[in-house]
Every structure is written in structure tokens, then in C-alpha cells.
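Given next are the chains, with one letter for each unit.
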Amino acid sequence: MEYVRLGTTGIKIAPIILGTMQMGWRVEEEESFKIMDRALELGINCFDTADVYSYWADNSYPGKTEEIIGRWLKDRETRTDLILATKLRGVMSDDINDRGLSRRHVHQAIAASLKRLQTDWVDLYQIHSFDDDTSIEETLHALNLLVDKGVVNYLGASNIHPWMLVESFWISEKNGYARFETVQPPYSIVRRMLVEHQMYHVIKKYGLGVIPYSPLAGGFLTDRYSRDGALPDTPRSEGAQKRYFSEKRWKIHETVKEIADSKEVKMTQVALAWIIAKDFITAPIIGANSVEQLEENVGALEVKLDEDEIKRLDEVSDWVQDYETLR
Ligand SMILES: NC(=O)c1ccc[n+]([C@@H]2O[C@H](COP(=O)([O-])OP(=O)(O)OC[C@H]3O[C@@H](n4cnc5c(N)ncnc54)[C@H](OP(=O)(O)O)[C@@H]3O)[C@@H](O)[C@H]2O)c1
């Protein structure tokens, strides 16, 4: 495994991160343990989670996923082998203050995450999104205290506008606070513009680590989906239909499939290899519902796309021609 530097930080991670959003509702605890065991065995040393996972499922609640990871960490005694990333900001309970990015909630959230995760520290603490009701100064001041105390090593931001990120850097610099070192946006071959339009320039200028989520577009970039076929039997298929079913995306889907077939590899592996080949990407965060899916996805690290294949994929998924931009 060739480890990569996480932005300008001093830590190295594998070029694929294990996402855990499926644990606690799609994937029960026993299988979750197997997935995490196998990921570590394969050399994946960074796991991503969030305090709110997995609030949306009838059989789950906010904090359940972190609790599963916590029991696994305790059982396997593997905390020091792992770069652990979690997030805060989501709605944790009916308490109106048990959410957001206020100073009060930052302190409440980290204490609760550490307890659920059964650890003394989080390596990467990310805001899950911005909070319109709290100034970024207040949030950064509170987050910086956590870094000073050593309970958090680095800060990251997910689902944030590029201008907010730049503003946050100015505030961090002015006050001598730790800054956001990573961004976690959605990014895949069928969802490029959000990152490549403006965020790309911020990433390059500030040397950020980029750890995108939904690199397989929530499963759309697999052969379970086809233009004429029925929707696959998964809770994510309606979301995929709404977001991705369009003429342009089907052309991308078909090109990924053609290239995968010609190389005798899986579509998932081509879609991931395309992302990993981008020079501004540190490591995509993969979702896997089983050890088999995990192994297949990590197998993308062995798939090398040649220049022509990358050119074909870049061209079929190009978005610049459809929008007016400064690029
Ligand atoms: N910051 C945020 O707001 C945010 C948002 C979303 C996710 N995330 C993070 O990113 C991680 C990954 O996100 P994601 O789950 O959307 O990623 P994804 O890789 O785009 O989608 C994962 C889904 O793809 C399907 N899949 C994965 N591997 C497969 C394989 N080998 N063969 C067939 N199908 C396969 C499964 O779909 P089915 O479930 O349909 O089987 C799986 O649930 C999450 O676990 C979480 O840590 C962060």
C-alpha cells in the first residue's frame, strides 16, 4: 500500500478511506466488525464516521454507528493503528441546542463522540456542514481549544462553500487557530462540478487534503443500474434515480462499463480508479455493505487507467461545456 500525505498535515493515510455510514442499519454489528477487520488487514488505516450516523433508519438512532466503532476499537485494541475521522453538526436529539456548531455544542459533541467511540482522541474532527446560526469565529475558537487540549489532532470541513473555507482560513490565521486541513465534498465521475468549479482552486492554493464521499454515486456506478433495467432493490435506488438518471449520466455509466469490460475489471473499480488518478484527490471514502464489496473496491488500487481511457472518461463526464464559468 502506498500511503499518501493528508493535505499539509504530518500524517499519512491509505489512498482509500473506509466510510461507515452503512453500519448500524444496512449492516449489522457483526458484519461491520468483519468489514473493519478486513479493511485494516488490507492496509486501510483511516475510517470516516459522524455523530449523527445513522439517525435516518427506523432500526437506528444518532450515535449508533459511533457506538459500533467504539465496541470494535475496544474489542480489537486497535485504536493506535487507526486514523479516526468523525463529524459534528447534525441533529442529535430534540434538544434545540444539541445540534449545530455553537461553542456549547462543539464541547458537548466531542465529549459524546469520545464516549461512544471509547477513545481519548479523534484524529480528524470535521464540521458536517456549515451552521447559519453560529459565526465561524465562535466555531473555530471552540474547535481550536480541542486541538490545544489534544483531544483532536486536525480539523476538517464537509459540505462547505469555497468562500466560507477561505474566510475560515483568514480567521484561523488572524487568531493563531488551527485551520481546516481537509475538505469532504461529494465527488464522483457523475458529480464533478461542485468540486472542480471553485473548490478546486481553494484546494490547490491552500494544499488541502481532499477526501470525497459518494465516489460510486451511492451505488449508481455499478452494473446493478442500467438504462432499461428495473431499479435495484436497495434503499438508495430512489435517491440515485432522482439525482443521476439523465441522458448525460447514462452515457457516463455506459462508458465506465465499456472500459471496465475491456479491462475485465468491475465498474466500481474503474469509477474509483478515475478518482484516485486525479492529482487533487487524497483518498475517496468508500461505502461497503460486505467484505466482498470492500475487497472489490480496494481492488481499484490495482486498476491503472491509461491516458486514452482517462481522456474518454474525462470527456464524457465534462461539465464545463454545459455551464458558464471563469474556467
Ligand atoms: N459528509 C457527508 O455529508 C457524507 C455523505 C455521505 C457519505 N459520507 C461518507 O462517505 C462514505 C461513502 O459514501 P457512500 O456510501 O455514498 O459511497 P458510495 O461508494 O458512492 O456508495 C456506496 C454504495 O454503493 C454500493 N456499492 C459499494 N460498493 C459496491 C460494490 N463493490 N458492488 C456493488 N455495489 C456497491 C452500495 O449500495 P447499496 O447500499 O445500494 O448496496 C453502497 O451502499 C460514507 O460511509 C460516509 O462515511 C459523508
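Residues numbered from 1 in each chain as written. Predicted model: local features only at pLDDT ≥ 70, side-chain atom pairs only at ≥ 80, totals over all residues. Heavy atoms only, no water.

Asker: Summarise the packing of aromatic side chains; cite the residues concerned and give the values.
Answerer: The relative placement of two aromatic rings is captured by the distance of their centres and the angle of their planes. A full pass over the atoms with the stated rule returns 14 aromatic pairs. Ring plane angle 35° and centroid distance 5.5 Å describe the contact between F47 and W72, whose orientation is recorded as tilted. Taken as a pair, F47 in strand 4 (residues 46-48) and W72 in helix 2 (residues 64-76) lie far apart in primary sequence, 25 residues in all. The residues F47 and W72 share a single accessibility class, namely buried. On the numbers, 5.5 Å between centres and 15° between planes, the contact of F220 with Y244 is stacked. Placement of F220 in the loop between strand 9 (209-210) and helix 7 (237-244) and of Y244 in helix 7 is noted, with a sequence separation of 24 residues between them. Overall, F220 belongs to the buried group, its relative accessible area being 0%. Residue Y244 is classed as buried on the basis of its relative accessible area, which comes to 4%. (Phe/Tyr/Trp six-rings, centres within 6.5 Å; stacked < 30°, edge-to-face > 60°. Helix = DSSP H or I, 4+ residues; strand = E, 2+ residues; numbered from the N terminus. Buried < 20%, exposed > 50% of the residue type's maximum accessible area, 1.4 Å probe, protein only.)

Asker: For the site of the ligand, give the residues involved together with the corresponding values.
Answerer: Residues in close proximity to the ligand total 31 residues, the closest being R26, D48, S214, T234 and R236. Within the backbone of L216, an N or O atom sits 2.8 Å from an oxygen atom of the ligand. For the ligand, the protein covers 93% of the area, taking 910 Å² as the surface of the free molecule. Breaking the shell around the ligand down by element, the ones donating at least two residues are strand 10 (285-286) and helix 10 (291-298). (Near = heavy atom within 4 Å. Polar contact = N/O pair within 3.5 Å; in protein donor to acceptor, adjacent residues only side chain to side chain. Areas by Shrake-Rupley, 256 points an atom, 1.4 Å probe, with all protein chains shown as cover.)

Asker: Explain helix 7 to me, using residue names and the numbers behind them.
Answerer: Within helix 7, the full set of buried residues consists of S237, A240 and Y244. Taken around the axis of helix 7, the buried residues stretch over an arc of 60°, which confines them to a single face. Away from its buried face, by an angle of more than 90 degrees, helix 7 presents the exposed residues E238 and K242. Buried positions along helix 7 lie against helix 8 (247-263). (Arc of directions from axis to C-beta. Contact = heavy atoms within 4.5 Å.)

Asker: Go over the pattern of salt bridges with me, naming the residues and quoting the values.
Answerer: Tallied over the entire structure, the rule returns 20 salt bridges. Linking E41 and R38 is a salt bridge whose minimum nitrogen-to-oxygen distance equals 2.6 Å. With E41 and R38 both in helix 1 (residues 29-42) and 3 residues apart, this pair spans about one turn of that helix. The class for E41 is exposed, based on a relative accessible area of 59%. Linked by salt bridges that have partners in common, R227, E247, K251 and E254 make up one network. (Salt bridge = Lys/Arg side-chain N within 4 Å of Asp/Glu carboxyl O.)

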